[in-house]
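Examining the three-dimensional arrangement
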Amino acid sequence: METKKQIIEKVKKYVVDILEPSRPELFGFPACPFIKSERIKNSIMYDVISEERKFVDLIREFDLSTYTTAVFVQLLPEGESMTPQDADDY
């Protein structure tokens, strides 16, 4: 099982490699046009939702922080996946 640090490092890599660059399928725009400046300013709060750190707790912490953007990871049980419809319902 990956550690929280490993998971967050993967998310940070995804931000840089996938969300920041120009995307031909988006007519040359990045998937998230604001994420790079937020990352450079160190304004992104990264965390992993868990039994000890529930989503509502992370939102409260974010609200009290100086961060302007938050990325929270919701892990699925081993071997489970989420369909696009499940994601919409979630």
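Residues numbered from 1 in each chain as written. Predicted model: local features only at pLDDT ≥ 70, side-chain atom pairs only at ≥ 80, totals over all residues. Heavy atoms only, no water.

Remarks on helix α1 (residues 4-19)
If you check α1, its first and last C-alpha atoms are 21 Å apart, about what 16 residues at 1.5 Å a residue would give, namely 22 Å. Considered for burial, the residues of α1 that qualify are Ile7, Ile8, Val11 and Val15. The buried residues of α1 occupy one face: seen down the axis, they fall within an arc of 95 degrees. The outward face of α1, more than 90 degrees from its buried face, is lined by the exposed residues Lys5, Lys10 and Lys13. Where α1 is buried, its residues meet α2 (35-40), β1 (44-48) and β2 (69-73). (Helix = DSSP H or I, 4+ residues; strand = E, 2+ residues; numbered from the N terminus. Expected span 1.5 Å × (residues − 1). Buried < 20%, exposed > 50% of the residue type's maximum accessible area, 1.4 Å probe, protein only. Arc of directions from axis to C-beta. Contact = heavy atoms within 4.5 Å.)

Points about the environment of Gly79
Locating Gly79 in the fold gives a position in the loop between β2 and α4 (84-89). The exposure class of Gly79 is exposed, given its relative accessible area of 76%. The sequence separation of Gly79 and Ala31 amounts to 48 residues, and the corresponding C-alpha distance is 28 Å.

Here we look at the confidence of the model for the protein
The pLDDT averaged across the protein works out to 95; a share of 100% of its residues lies at or above 70. Taken element by element, the predicted model of the protein shows its lowest mean pLDDT in α4 (85) and its highest in β1 (98). (pLDDT = per-residue confidence, 0-100.)

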